Amino acid sequence: MLFAIGALDTPAVFGAEMTRFELEEREQPVEDTTEVDWMNDTTGTDTVEYRAVDLIYDVEKETFNLNNSAQLKYRTATLDADTIWFDQKNSVLVAGGQPILRETKNPSLSGMRLKYNMNSRIGEIYYATTFQDNQQLNGMEVRRLPDQRIQIARGDFSTCNDSTHQHFYFYGRRMVVKPKETITARPVVLNIADVPVAVLPMIVAPLKSGRKSGLLSPKFGGDQVQGYYMRNIGFYYAPNDYWDATISGDIIEGEEARFEKSSLKGEVRYKKRDLLDGNLSYTAYLDEFDFGKSDYDIRYSHNQNLTPDAKHKLTGTGSFVSNTKVRRENALDAETILDQQANAWLTYSGKFGTNKSLTVKAGQNHNLQTGYMERQLPDVQFNMSGPLFSFETDEDETAVEDNSFRSYLQKLNYNFTNRFNYKMVTALDSVNDMDTTAKYVGYSGTYSLDYSGSLFNVINLTPRATWSGYWTGQSWINPDDSSKYWKRRTSLDPEHDTFGEFAYNHNYSLTADTKLYGIWVPEIGRFTGLRHILSPSISYTYAPEIDTVKYFAPHPDLGQSPYQKEQQTIGFSLGNDLDLKYLKVVGHKADTTKGDTAKAVEDQYGNRRLLTTRHSVSYNFAADSLNFSDINSSFGFQILPDYLFTITTRHSFYHKYSMEPTKVQVPELTYWGYELSRSFNWSGTLNAGLPSQMGKYEMRKWSLGLTYRYSFSSTRVGKDLFQDNVNHSTSITASFQPTINWEVSYSTQYDYNEGKFVTHRFTFNRALHCWQLDFTWTPTGPAAGWSFAIYVRDLPDIKLNAGSTESSK
């Protein structure tokens, strides 16, 4: 044995200096992988760097020992140990005395003894420990294979990063770890605080985030309502980045121990950027595992751009159910139980050019509580609007003069709307036990032409002509009877030469409006100005009398008017706006020397809408009686900077409940109402009263939200009698941290009409180092009950559930 390395023609170095020697050249195997093995990285030179306090080199055996604080660097790895022995001839490396292997591409390993064969690329570490992404692996024997996998014999796995004592771990006799991929172990014993609590035949845990196909982690538990259950039994499939699918089942014993609440669910999700995204799910509620008696709940969502410019789209969302009681009787969560609408729509929308649009809808509205169903298959709408004449001007052509004939033609505008609708309505008639399905089919088309002009450049003049045409596929059977006895029949039957009923009407109007401004600029303190805007408008409408098509049964959604009385109506409307302008900061002047002057002035001044009012009334000269319309008014007050409080009223010139209901009298109030809705949110921190390590007091987060809603309306139903309708409620949400690990939240709603709190929800969350505890209590409501869960924070599928839910029926 020699205490120097003179045979390599390099000086012996002890301590801090580094010594290099070249290994003999040998053929390196090629790996088809993106991972880089620490002992087979061909990107660098085949050089070993080492240091130690003592070094012994044997030239004949081609071995050397590094003793006392030894370190060896090879390619991308660094090995630290008390002793390192290297056999250069056989390419075997052995390290002892708590060796630690650090790499750039793989997690570090530490243990009692390490052995590595460079030729076979197989290494072993005894009593080893490794960390990766907050996950710890320990093993009696750890072997690294050429394909980067790690085999562990008699080891354990945990996501608890407590270095002194792990709160939980999985122990297995055989484990296989694929770095940054998965860990597979069998059999497995779950230990909590060194106490074995569960034995599993096998466990597969992911070591990286993202989508990956595989079995779902089942959940086990039980409560008084559901009985014992096994949930989330199934498989997740992710073939690529654009779609995935899940099929899972819940086996639930149920209250009657008949497994009447078991279910099977399948879901497909898909998404491609800038093209489409959506999902489709099917839930089958199995009664005693009998598919013949199962009920279903289908939900879907779809958004798709049919063209790259997104002018043509296909969108839809909704759900379908097998019967009206399926959610109320089978669902276990409050959100599903409360969702008693099975609405579904699919819509195509397209834009053509700059002024044409087409919309085609198909769908239904289904109220699961009342049984009312309305289907529209389809609803087609086409609209186009714009200037009636469009003139293109060449670059060298002189601009059109304001008084030329062409300039007047350019002010002519048109609007053309069309709508076709086929509708079926079914309402539950449990008393007479009869089919109440009603079918409606019809078309409405409206064409209007208007002119945008002005008088003296002050008064805006808008003459307009409107023509409407209607078609319906239904007719009245007995139109000569009283209207309450009318009955419909289908009159669309081409085989018998019946093609429905046709009607039309037209009217003409002229509207004049302007704005009058009044401004007062006193410059008193922060008060800098008051502006009053008066917006009067007057209109005249003429509609000739058109004889009724008495057999015409109008479509209820198309606004069809087969009969038109003569109309000569003059309408008046008046708007008032009173605005206050003020300085945001006393004495602050806008700095116009930098940047945008308009922006600087805007930042300097503030505006407040003090009052806004709107009034409208009309008079029909051609009417036989009741010539005046109601007077509709609204009054708005900006009581807060960003909130406008509005009161609406309606007055009538005719006192309906008096002895002379058709006589013009002093306007009488027939309706008034208002609505107040406001939300407030506060958040911050509070002093916990405990000093931290830095000598400062610990602060805890808190938040509080309050939403107040009050709506009131009063309608005259008698001479001196009004009927009031009030909706009044307050919602409160609050959360705070009593300690650094506890978080408590509470939500409630108080209904003033019922005089009680209609909902309560308490949630308690506790961080238990590597575990998380959640407890939720809902004292009242359709899904009243409680739920308790404790789970591993990094592996949420490993959890213990308990709870009781009272689902309403």
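These numbers were taken from a predicted model, which means no experiment stands behind them.

I'm lost on the overall build of the protein in this one. Help?
A count of helical and extended segments in the protein gives four helices and 50 strands. Out of the 809 residues in the protein, the part that is buried amounts to 35%. For the protein, long-range pairs separated by at least 24 residues make up 47% of all intrachain contacts whose partners lie at least 6 apart in sequence. For the protein, the computed accessible surface area is about 47,700 Å², with 55% contributed by carbon and sulfur atoms.

How should I be thinking about the side chain of Thr730 in this particular structure?
Along the chain, Thr730 turns up in strand β45 (residues 721–736). Taking the relative accessible area as the measure of exposure, Thr730 reaches 10% and is therefore buried. Looking at Thr730, its side chain comes within polar contact range of the side chain of Tyr752, at 2.9 Å. With sequence-adjacent residues up to four places away left out, Thr730 is seen in contact with Leu706, Thr707, Tyr708, Thr748, Gln749, Tyr750 and Tyr752.

Quick question: what am I supposed to make of the pairing of strand β6 (residues 92–96) here?
Counting buried positions over the five residues of β6 gives five, a clear majority of the element. Two strands pair when backbone bridges link them, and strand β5 (residues 77–87) and β6 are joined in this way by five bridges, in the antiparallel orientation. Bridging across to β6, Ile84 finds its partner in Ala95. A loop of four residues connects β5 with β6, the two strands running antiparallel in sequence, and Ser91 in this loop sits at a positive phi of about 55°. One ladder, built from five bridges, connects β6 with strand β9 (residues 113–117); its direction is antiparallel. The residue of β9 that forms the bridge with Val92 is Asn117.

Looking at this structure, I do not really get unusual backbone geometry. What am I missing?
Trans peptide bonds make up most of the peptide bonds, and negative phi angles are found at most residues other than glycine. Residue Pro378 follows Leu377 across a cis peptide bond; omega there is 0°. Along the chain, the position of Pro378 falls in strand β27 (residues 373–387). With a phi angle near 55°, Arg154 is a residue other than glycine that sits in the positive phi range. Checked against the element boundaries, Arg154 lands in strand β12 (residues 150–158).

Conventions adopted
Position labels on residues start from 1 in each chain and follow its written sequence. In keeping with the predicted nature of the model, local features appear solely for residues at pLDDT of at least 70, side-chain atom pairs appear and are counted solely at 80 or more, and the whole-chain, interface and lining totals rest on all residues. Side-chain figures throughout are based on the complete set of non-hydrogen atoms in the structure, without hydrogens or water. Under the scheme used here, helices are H or I runs from DSSP no shorter than 4 residues and strands are E runs no shorter than 2 residues, and both carry numbers assigned from the N terminus. The rule is simple: take the accessible area with a 1.4 Å probe, protein chains only, and divide by the maximum for that residue type; under 20% is buried, over 50% is exposed, in between is partly exposed. By definition in these notes, contact holds between two residues if any of their heavy atoms fall within 4.5 Å. Accessible areas in this description were obtained via Shrake-Rupley with a 1.4 Å probe; residue shielding takes into account the shown protein chains only. Each polar contact in these results corresponds to two N or O atoms within 3.5 Å; when the atoms are within protein, one needs to be able to donate a hydrogen and the other to accept it, and residues that are neighboring in sequence are counted only if both atoms are side-chain atoms. Between any two strands, pairing holds if DSSP finds at least two bridges.

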